[in-house]
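# Examination of the molecular architecture
The residues making up each chain are set out below.
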Amino acid sequence: MSDGSMMGAGVQADTRSRASSRRMGKPSAPAATSVQLVSVIESQIIPQLLAADRPAAPGKARFGSNGIRSSFTDINRDDIAEFTHLLLQNNMSAIGSLIDLWRAKGTSVETIYLELLTGAARYLGELWGDDDCNFCEVGLAIWRIQQVMYDLRPAFFAEGAAVTPSGYRLLLAPMALEQHTLGLMMTAEFFRRDGWDVSSELPIDNAALSEAVSREHIDLLGLSVSSEAALEHLPEVLAAVRKASRNPNLVVMVGGWMFVNDPNKATTVGADFCVGSVTDALIRGERFVTKACYGDRVTL
C-alpha cells in the first residue's frame, strides 16, 4: 500500500507473459541468484511496480497556465528518470547530492517520498516491461530506494508537527509469501509520524496473520494483496483473522491492483475498505478505527 498501488489485470497478465518468454530465450541466472529470488522479484515485486496508481499523471511535469512549472519543489519525469538511472548505476553519492539539491530548493522529504521514490518505482517497472533492465537490476534498485528512505527518515519525522500518540495500533503485512515491502515500509513511516504504534509481519503462511492479531490488540490491519491467488484466499484468511483477533472491533484495510477498478470488492472479501495511496490510508484508517471505537458518535 504505497502512495500508489495498482493498475489492471490486463497489464499484469501481459507482463507475466513477456517475462516468461524472456526467460525462455535467455541463459539461466547466475548460480548466486536463487530461484526463489527470481520468483519473488518477477512474480511479486515487479508486477506491484507496474500496477502503481498514477494520480494526476505522475512523473510528468505540472505546469501553470503560463506553461511554467509551478514551483521548484515539483518533481517531473526527467527528474525521476535521472534519479532512477542513478539507482540502476548504484551511484549513491550522486543520489545523495541530487536529493540535497532538491531539499535546498525547498522540496519536502514527504514530496521526495511520494513523488520521487514512488515515481522511480513506477519507472523501474516501465524499464523492465520494455526489456531495458533485468529482474536483478530492478531488485537492487528497489533495495537502494529503501536505503534512501532509511537515510531520510530523521528528516521525514522532523518535518511532521509534534503529535500526541493516537493510542491506535497498526499491523502491516503482505499476504503470505508475498515479499514486496517497499510500499508497506513507506506506509508505516507515515502512520508512525501521525502518532500510530506500527508493527509489521512477513507471514510464511496465512495462519501467521491470525496468530499475529491474537498476540496483541490491533486496531487496524493493513494487507497488501498483489496476486489473484492471494485474492482467492483472502475471504477465508480474513474470516480466520477476525475470529482470532484480540480486538473484536478490528478494522481491515487492503491495497492492491485488483481493487482499483472495483473498490467494492474489498467488502466482498471481508475487508472494511481499500486504499490507493498513503494519504488515503491515513485519513480513512483513522476514521474507520475511530468509528469502530466510538460507534455512532463518529461519521465516516
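Structure first, text after, so check above.
Residues numbered from 1 in each chain as written. Predicted model: local features only at pLDDT ≥ 70, side-chain atom pairs only at ≥ 80, totals over all residues. Heavy atoms only, no water.

### Quick notes on the overall build of the chain
- For the chain, the count of helices and strands is 11 helices and five strands.
- Expressed as a percentage of its 300 residues, the buried residues of the chain come to 49%.
- For the chain, restricting intrachain contacts to residue pairs at least 6 apart in sequence, the fraction spanning at least 24 positions comes to 77%.
- Total accessible area on the chain is roughly 14,100 Å²; 53% of this is exposed by carbon and sulfur atoms. (Helix = DSSP H or I, 4+ residues; strand = E, 2+ residues; numbered from the N terminus. Buried < 20%, exposed > 50% of the residue type's maximum accessible area, 1.4 Å probe, protein only. Contact = heavy atoms within 4.5 Å. Areas by Shrake-Rupley, 256 points an atom, 1.4 Å probe, with all protein chains shown as cover.)

### Let's talk about helix α7 (residues 182-193)
- Across its 12 residues, α7 extends 17 Å between first and last C-alpha, which sits within 8% of the 16 Å expected from 1.5 Å per residue.
- With 10 of 12 residues buried, α7 is to be regarded as a mostly interior element.
- For α7, every residue scored as buried is listed here: L182, G183, L184, M186, T187, A188, E189, F190, F191 and R193.
- Just downstream of α7 lies G195, where phi reads positive at about 100°. (Expected span 1.5 Å × (residues − 1).)

### Here's the deal with the pattern of salt bridges
- Taken as a whole and assessed by the stated rule, the structure comprises 10 salt bridges.
- The partner of E189 in a salt bridge is R153, and the shortest N-O contact between them spans 2.6 Å. Taken together, the residues span a long stretch of sequence, with E189 in helix α7 and R153 in helix α6 (residues 135-159) at a distance of 36 residues.
- Under the relative-accessibility criterion, R153 is labelled partly exposed at 33%.
- The partner of R192 in a salt bridge is E189, and the shortest N-O contact between them spans 3.1 Å. Here R192 and its partner E189 are both found in helix α7, three residues apart, which amounts to about one turn of the helix.
- With relative accessibility at 29%, the residue R192 sits in the partly exposed group.
- One connected set of salt bridges, linked through shared partners, spans E110, E159 and R193. (Salt bridge = Lys/Arg side-chain N within 4 Å of Asp/Glu carboxyl O.)

### Remarks on the sheet that holds strand β1 (residues 169-174)
- Taken in spatial order, the five strands of this open sheet run β2-β1-β3-β4-β5, and their pairing is parallel. The two strands at the open ends of the sheet, each matched to only one other strand, are β2 (197-200) and β5 (273-274).
- Across five bridges, β1 lies against strand β3 (residues 220-224) in parallel orientation. When the bridges of β3 are listed, L172 appears paired with G222.
- This element, α7, spans β1, β2, β3 and β4 (251-255) of the sheet and lies at about 175° to β1. (Pairing = 2+ DSSP bridges. Axes fitted to C-alpha atoms, helices over the stretch in contact; angles between N-to-C directions.)

### Observations regarding unusual backbone geometry
- Phi angles above zero are rare outside glycine, and N90 is one such case at about 60°.
- The exposure class of N90 is partly exposed, given its relative accessible area of 42%.
- Of note, the phi angle at D131 is positive, near 65°, even though the residue is not glycine.
- By secondary structure assignment, the location of D131 is in the loop between α5 (109-129) and α6.
- Its relative accessible area of 47% is what places D131 among the partly exposed residues.

### Points about the packing of aromatic side chains
- In the structure shown here, the tally under the stated rule is seven aromatic pairs.
- On the numbers, 5.6 Å between centres and 85° between planes, the contact of F156 with F157 is edge-to-face.
- Look at F157 and you get partly exposed, because its relative accessible area is 26%.
- Arranged with centres 4.3 Å apart and planes meeting at 25°, the rings of F273 and F288 form a pair that is stacked. One end of the pair, F273, is in strand β5; the other, F288, is in helix α11 (residues 278-294), and 15 residues separate them in sequence.
- For F273, a relative accessible area of 3% corresponds to the buried category.
- Chaining the aromatic ring pairs together yields one cluster made of Y113, F156, F157 and F190.
- The ring of F156 has R193 sitting right over it, with the charged end atom 4.0 Å from the ring centre. (Phe/Tyr/Trp six-rings, centres within 6.5 Å; stacked < 30°, edge-to-face > 60°. Lys NZ or Arg CZ within 6 Å of the ring centre and 35° of its normal.)

### Considerations on the packing of α7 against α11
- Here α7 crosses α11 at 45°, and the two axes come no closer than 10 Å. Between α7 and α11, the crossing angle belongs to the class labelled oblique. Classified by chirality, the crossing of α11 by α7 is right-handed. Contacts from M186, T187, F190 and F191 of α7 reach α11 at V278, A281 and L282.
- Tallied by class, residues from the contact of α7 with α11 come to six nonpolar, one polar and no charged. (Parallel < 35°, antiparallel > 145°, perpendicular 65-115°, else oblique. Left-handed = near helix turned anticlockwise from the far one by under 90°. Nonpolar A, V, L, I, M, F, W, Y, C, P; charged D, E, K, R; others polar.)

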